[in-house]
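Tertiary structure, described
So the chains spell out like this:
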Amino acid sequence: MIKLSNVHKSFGNHEVLKGINLNVHEGEKLVIIGPSGSGKSTTVRCMNGLEMPTSGQVFVDDVELTKKNRITLVRSTSSMVFQQFNLYPHLTVMGNLTLAPIKLFGKSKKEAQELARHYLAVVGLEEKALAYPTTLSGGQQQRVAIARALCSQTKIILFDEPTSALDPETVQEVLNVMVKLAAENITMVIVTHEMGFAREVADRVIFMDDGTILEEGTPEHFFVSPTHERTKQFLGKILH
């Protein structure tokens, strides 16, 4: 579903990605872990055209992502859930969820509302359809953001540290929704610091440091017998 081929990305003189090669398969749940500043978020942002590589190629659903086609291609194939919820404060929850299906995908208001109600039920917030985002807790807002991504009905959902802006009490409610989603045939790429979640849902875990992929493998490999010294050091710090 997604292929990164020798992707480099620089911001000015600072090279953030140093030749990333990565394939994400249909229906796969790929978790990217690593220290802050390792290039995890930039990797995900290159997957949906929010950042264009300085060099290298990105393919989404077998089509190369270019500056010219990125908006059309990304809209039709992938949705993104950010650290900050990015909900429109002047729209109700229902308004936020129906905007893209109506404006981008040409659904009728009735169809869009049915879709929104369905996905609000999936994230356990049916009763909040007419509420405004500012009246919701952080965890509720992030669950609405996930429902909004689902309303686009794309094959791929990218998550960029979806729990990092939440207080510890509400992290679990968002992770529970994501665990539920992981049972569906959606391709998910998730940047996270939540190791218990990674162990539970990932088909494959990637460890990044300093703009490169140092190690990849199953959760069993990662959390039981990682091979790279830097991976061991990282996991040793955060698992104890």
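Since the structure is predicted, the reported quantities are computational estimates derived from the model, not experimental observations.

This part takes up the layout of surface pockets. In this approach a probe as big as a water molecule rolls over the atoms, and the regions it shows empty are the leftover space. In this structure, the largest pocket spans a volume of roughly 740 Å³. Lining the largest pocket we find 23 residues, and of these R75, M80, F82, A100 and L104 sit closest to its centre. Those elements that provide at least two residues to the lining of the largest pocket are α2 (70-77), β6 (78-81), α3 (93-103) and α5 (138-151). Each residue belonging to the lining of the largest pocket can be placed in one class, and the counts come to twelve nonpolar, seven polar and four charged. As a volume, the second largest pocket reaches approximately 200 Å³. Every residue lining the second largest pocket is counted, 15 residues in all, and those nearest its centre are Y119, L150, T154, E184 and I186. Residues that form the lining of the second largest pocket fall into these classes: seven nonpolar, four polar and four charged.

We now examine the packing of aromatic side chains. Under the counting rule described, the total for this entry stands at two aromatic pairs. A ring pair is formed by F207 and F234, whose centres lie 5.2 Å apart and whose planes are at 45°; its orientation type is tilted. Placement of the pair is F207 in strand β9 (residues 204-209) and F234 in helix α9 (residues 229-239), with a sequence separation of 27 residues. No difference in accessibility class separates F207 from F234, as the two residues are buried. With a centroid separation of 6.4 Å and an interplanar angle of 55°, the aromatic rings of F222 and F223 are classed as tilted. Assigned by exposure class, F222 and F223 land together as buried.

Pairing analysis gives five bridges linking strand β1 (residues 2-11) to strand β4 (residues 55-60), with the strands arranged antiparallel. Note that in β4 the partner of H8 across the bridge is S55. Sheet analysis places β4 next to strand β5 (residues 63-64), joined by two bridges and oriented antiparallel. Among the inter-strand pairings, F59 is bridged to a residue of β5, identified as E64. Remark: two residues form the turn of the hairpin made by β4 and β5, two consecutive strands paired antiparallel; D61 in that turn has positive phi of roughly 55°.

Here the focus is the environment of F82. Looking at the element boundaries, F82 is found in the loop between β6 and α3. A sequence separation of 41 residues divides F82 from S41, and the C-alpha atoms of the two residues are 9.8 Å apart. If near-sequence neighbours (up to four positions away) are discounted, F82 is found in contact with R45, L50, Q142, D160 and P162.

Let us look at the packing of α5 against helix α6 (residues 168-182). Running from N to C, α5 and α6 cross one another at 20°; their axes reach a closest spacing of 8 Å. As the angle between them shows, α5 and α6 are arranged roughly parallel. In this structure, α5 crosses over α6, and the sense of that crossing is right-handed. Here G139, Q140, Q142, R143, I146 and L150 of α5 lie close against α6, whose contacting residues are T170, E173, V174, V177, M178 and L181. Classifying every residue of the contact of α5 with α6 gives six nonpolar, four polar and two charged.

Let's shift gears to the sheet that holds β9. Taken in spatial order, the six strands of this open sheet run β6-β7-β8-β3-β9-β10, and their pairing is mixed. Across the chains shown, the open sheet's two edge strands, defined by having one partner strand only, are β6 and β10 (212-217). Between one strand and the next, the sheet's axes are offset by a mean angle of 20°, whatever the strand orientation. With four bridges joining them, β6 and strand β7 (residues 156-160) adopt parallel strand pairing. Within the sheet, the bridge partner assigned to S79 lies in β7 and is I157. This element, α5, spans β6 and β7 of the sheet and lies at about 175° to β6.

A separate point is the sheet that holds strand β2 (residues 14-24). With respect to topology, four strands assemble into an open sheet ordered β2-β1-β4-β5, the strand pairing being antiparallel. Every interior strand has two partners, whereas the edge strands, β2 and β5, have only one. Sheet strands touched by helix α1 (residues 40-47): β1, β2 and β4. Its angle to β2, the strand with the most contacts, is close to 60°.

This paragraph deals with α2. Those residues of α2 that fall on the buried side of the exposure criterion are L73, V74 and T77. Buried residues of α2, viewed axially, fall in a sector of 95°; they line one side. Exposed and facing more than 90 degrees away from the buried side of α2 are I71 and T72.

About the cut-offs
Sequence order sets the numbering: in each chain, residues are counted from 1 along the sequence as written. Reporting in this predicted model follows two pLDDT cut-offs: at least 70 for local features of residues, and 80 or more for side-chain atom pairs to be given and counted; totals over whole chains, interfaces and linings ignore these cut-offs and use all residues. Excluding hydrogens and water, the side-chain values take into account all heavy atoms of the structure. Points on a 1 Å grid, built from protein atoms alone, make a cavity when a 1.4 Å probe fits but cannot get out and make a pocket when they are open with protein on both sides within 12 Å along at least 5 of 7 lines; residues with an atom within 4 Å of a point are the lining residues. Grid points are joined across faces, edges and corners, and a volume is the space filled by probe spheres set on the points. Helix and strand assignments come from DSSP, with helices taken as H or I runs of at least 4 residues and strands as E runs of at least 2, each series counted from the N terminus. Here the term charged refers only to Asp, Glu, Lys and Arg, the term nonpolar to Ala, Val, Leu, Ile, Met, Phe, Trp, Tyr, Cys and Pro, and the term polar to all other amino acids, Gly among them. Geometry of aromatic contacts follows a simple scheme: Phe, Tyr and Trp rings, the Trp one being its six-membered ring, pair when their centres are within 6.5 Å, and the pair is stacked under 30 degrees between planes, edge-to-face over 60, tilted otherwise. With a 1.4 Å probe rolled over the protein chains alone, any residue whose accessible area is under 20% of its type maximum counts as buried; one over 50% counts as exposed, and the rest are partly exposed. Any two strands are treated as partners once DSSP identifies two or more bridges connecting them. Working rule for contacts: check all heavy atoms of both residues, and any pair within 4.5 Å makes them a contact. Axis geometry follows a simple rule: fit a line to the C-alpha atoms, using only the stretch in contact for helices, then measure angles between N-to-C directions, giving values from 0 to 180 degrees. Should an angle fall under 35 degrees it is called roughly parallel, over 145 degrees roughly antiparallel, and 65 to 115 degrees roughly perpendicular, with every other angle called oblique. A crossing counts as left-handed when the near helix is turned anticlockwise from the far one by less than a right angle, and as right-handed when that turn is clockwise. Of all possible arcs, the one meant is that of the directions from the helix axis to the C-beta atoms.

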